[in-house]
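Close look at the chain arrangement
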Amino acid sequence: MTDPLVWEERLQRAAHPVVYPAIRSLRRRPAVRVPGLGVVVSDAATARAVLLDTEHFSKVGPGAPSDLWTPVLGPAVLLNMEGAEHASLRRALSGLFTPRAVRELTAPVAGAALHDLSARLLAGRRVDLVAEVSELAGAVICRMTGLPPTDAAVRGAFRAAQEIVGLVRLHRRRLTPAQVRRARQVLGDLGRPARTAYRAGDEATVPGRMRALGLSEREALGAVGAFVLTGTETIQSFVPRLVAITHDAGHLGSLLGTPAGALERTRVVEEALRVTVPSPAMLRSVRASATVAGVPVRAGDRVVIATVSCCRAGGRFDPSAPADPAIRHLWFGAGPHFCLGMPLAMAQVDAVLDALAPVASAGRTLRVVDRAAARGVLIPSYRRLGVAA
Ligand code: HEM
């Protein structure tokens, strides 16, 4: 057994060699002002209070996600909206994330992307789990945009999402004009099939379904862009890390032997989410003077919620320990912007675990045989995670 956090630390440092150690060095104070960065929050209760207080803290304004994404996606794509308009768009989109809708979206995609995964492993082959999960995530984008999931389309869609997310840096508040042009071009390529699918109104496609749910074309295309941005790298980062961390802690066999929906599986997955925190920070712009854990803030200030510090304060990876209610689900946010795609994320995690389960039921052990960290990425990830049975 390896200490499961050793590789996690490597992934974090490979992604953010300067910012990660700097943010972690602040973790003993609930909130601290860092010139040039903002007020950094490292405590779960303070983070939750900020996320729930929409009177003082917003995703729209200087230093908030709107600064990054409005120039690329337009002003109304959920993650750069607030108030009644935001709530009404979320309500309209909720039909896409019911258990049934998520199953219908994931099952064919997972079937195609992962169908022979365990057969290859049982035949003695080594498999790179990062490549497998990228294929799954790319295939989900194809479903979202209505693109037929040919191999080239799946790879292209995944690369496009990766390229756009990769433009973001925590220490820069905006994309440069050249980055905005590039991001628009890449998203435009994904938007074209989505527009065609919307206009055709075929409910077998996500854009067609959005039309049936009453969304305008602009809202539907904006939502597709938001889903691609938020729901691709997070999954591609998390699933290999889940397998690696449970492997290192000696829990992988029992995880693969537990069916989807079982309490034990949910607990292990949630504990892995808590320590990996695939979306490691959340940004808010201050709307009106307030205090954040005693630190005074005023309109225009930026709050950086170091979700990774808030969640890691709950201790080492230990699925047998009771979940700490103060931290629970903070890795998916809190309040009105709580991750809309959580059911889809969990369905994709289940799809990969289910595809690997036959290895355990055949009495074989899945082992991590080689791995490498991804460098210079926004979301800490493995570049390669070789597994064999
Ligand atoms: C393990 C995977 C995932 C993690 C850890 C995660 C985490 C988060 C977090 C922390 C937020 C809140 C951000 C904030 O308040 O500033 C968020 C929002 C969001 N997530 Fe996820 N996410 C995941 C997967 C997905 C997937 C697969 C989708 C697919 C559609 C998705 C769609 C969204 C959307 C649309 C929002 C914005 C919601 C809003 O602003 O109302 N996420 N996610």
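As shown above, the structure is provided for reference.
The text that follows walks through the structure, step by step, so that each part is easy to find. Note that the structure is predicted; figures quoted are calculated from it, not measured.

Some words on the site of the ligand
Lining the immediate surroundings of the ligand are 25 residues, of which H86, R90, R284, H337 and C339 lie closest. K59 has a polar side-chain atom sitting 2.9 Å from an oxygen atom of the ligand. Taking L78, its main chain carries an N or O atom lying 3.4 Å from an oxygen atom of the ligand. In terms of residue count, the dominant contributor to the shell around the ligand is helix α12 (residues 217-231) (three residues). Each residue belonging to the shell around the ligand can be placed in one class, and the counts come to 14 nonpolar, eight polar and three charged.

Some words on the sheet that holds strand β10 (residues 382-388)
Within the open sheet, the three strands sit side by side as β4-β10-β9. Their pairing is antiparallel. A single partner strand is all that each edge strand has here, and the edge strands are β4 (127-128) and β9 (367-373). Sheet analysis places β9 next to β10, joined by six bridges and oriented antiparallel. Paired with A373 across the strands is Y382, a residue of β10. Across the sheet, helix α13 (residues 233-249) touches β9 and β10, and the angle it forms with β10 is around 55°.

Examining the sheet that holds strand β2 (residues 38-41)
Through backbone hydrogen bonds, the strands of a sheet pair up, either in parallel or in antiparallel fashion. Strand order in this open sheet of five strands is β1-β2-β8-β5-β3, and the pairing throughout is mixed. Two strands lie at the open edges of the sheet, namely β1 (31-34) and β3 (57-58), each paired on one side alone. Judged from the four bridges that link them, strand β5 (residues 282-286) and strand β8 (residues 302-305) form a sheet pairing that is antiparallel. Bridged to L283 within β8 is V304. Against the sheet, helix α3 (residues 44-52) contacts β2, β3, β5 and β8, and its axis sits at roughly 130° relative to β8.

Quick word on the coordination of the iron atom of the ligand
On the protein, C339 (SG) is the one donor atom to the iron atom of the ligand, at 2.3 Å. With respect to the helices and strands, the residue C339 is situated in the loop between α16 (307-312) and α17 (342-361).

Here we look at the nonpolar core
Nonpolar side chains in soluble globular proteins tend to end up buried together. Ranked by internal contacts, the top residues of the largest apolar core, which has 124 residues, are W69, L93 and M210. If you tally residues by element for this core, the top one is α17, at 10 residues. Every residue in contact with M210, bar those within four places of it in the chain, is listed here: L93, L96, L215, A220, A223, V224 and F227. Counting residues in each nonpolar core, the second largest holds nine residues, with L26, L170, L283 and V304 among its members.

A short note on the environment of A137
Here A137 shows up in helix α8 (residues 129-145). Remark: the alpha-carbon pair of A137 and V40, spanning 97 residues in sequence, is separated by 31 Å. Not counting residues within four places of it along the chain, the set of residues in contact with A137 comprises F158, T232 and Q348.

A word on the side chain of T145
The residue T145 is located in helix α8 in this model. At a separation of 3.3 Å, a polar atom in the side chain of T145 contacts the main-chain carbonyl oxygen of C142. Excluding residues within four positions of it along the chain, T145 makes contact with L190, P193, A194, A197, P207 and V224.

What to know about the packing of helix α9 (residues 151-165) against helix α10 (residues 177-200)
Where α9 meets α10, the axes come as close as 10 Å, and the angle between the chain directions of the two elements is 155°. Judged on the interaxial angle alone, α10 and α9 are roughly antiparallel. As for the relative orientation of α9 and α10, their crossing is left-handed in sense. Packed against α9, whose contacting residues are A157, A160, E163 and I164, the element α10 presents R182, A183, V186, L187 and L190 at the interface. Considering only residue class, the contact of α9 with α10 consists of seven nonpolar, no polar and two charged.

Comments concerning the pattern of salt bridges
Taken as a whole and assessed by the stated rule, the structure comprises 21 salt bridges. R33 is the salt-bridge partner of D301, the closest N and O atoms lying 2.9 Å from each other. With D301 in the loop between β7 (295-297) and β8 and R33 in strand β1, this pair connects stretches of sequence that are 268 residues apart. For D301, a relative accessible area of 13% gives the class buried. The partner of D189 in a salt bridge is R192, with the nearest N and O atoms 2.4 Å apart. Placement of both D189 and R192 in helix α10 is noted, with a separation of three residues, approximately one turn of the helix. Through salt bridges with shared partners, one network takes in E9, R13 and R312.

Comments concerning α3
When α3 is considered as a whole, its buried residues turn out to be A44, T46, A47, V50 and L51. Seen from one end, α3 has its buried residues packed into an arc of 160°, which puts them on one side. With respect to the buried face of α3, the exposed residues turned more than 90 degrees away are A45 and L52. In the core, the buried residues of α3 are packed alongside β2, β3, β5, β6 (290-292), β8 and α16.

Overview of the packing of aromatic side chains
For any pair of aromatic rings, geometry is given as the distance between the ring centres together with the angle between the planes. What the rule picks out here adds up to three aromatic pairs. The interplanar angle of 85° and the centroid separation of 5.3 Å between the aromatic rings of F97 and F227 together place this pair among those described as edge-to-face. One end of the pair, F97, is in the loop between α5 (83-93) and α6 (99-114); the other, F227, is in helix α12, and 130 residues separate them in sequence. Both residues of the pair, F97 and F227, count as buried. The ring of W7 carries the charged tip of R10 above its face, separated from the ring centre by 4.5 Å.

Parameters and conventions
- Residues numbered from 1 in each chain as written.
- Predicted model: local features only at pLDDT ≥ 70, side-chain atom pairs only at ≥ 80, totals over all residues.
- Heavy atoms only, no water.
- Near = heavy atom within 4 Å.
- Polar contact = N/O pair within 3.5 Å; in protein donor to acceptor, adjacent residues only side chain to side chain.
- Helix = DSSP H or I, 4+ residues; strand = E, 2+ residues; numbered from the N terminus.
- Nonpolar A, V, L, I, M, F, W, Y, C, P; charged D, E, K, R; others polar.
- Pairing = 2+ DSSP bridges.
- Contact = heavy atoms within 4.5 Å.
- Axes fitted to C-alpha atoms, helices over the stretch in contact; angles between N-to-C directions.
- Donors = N, O, S within 2.8 Å, 3.2 Å for Na, K, Ca; no water.
- Core = buried A, V, L, I, M, F, W, Y, C linked by side-chain atoms within 4.5 Å.
- Buried < 20%, exposed > 50% of the residue type's maximum accessible area, 1.4 Å probe, protein only.
- Parallel < 35°, antiparallel > 145°, perpendicular 65-115°, else oblique.
- Left-handed = near helix turned anticlockwise from the far one by under 90°.
- Salt bridge = Lys/Arg side-chain N within 4 Å of Asp/Glu carboxyl O.
- Arc of directions from axis to C-beta.
- Phe/Tyr/Trp six-rings, centres within 6.5 Å; stacked < 30°, edge-to-face > 60°.
- Lys NZ or Arg CZ within 6 Å of the ring centre and 35° of its normal.

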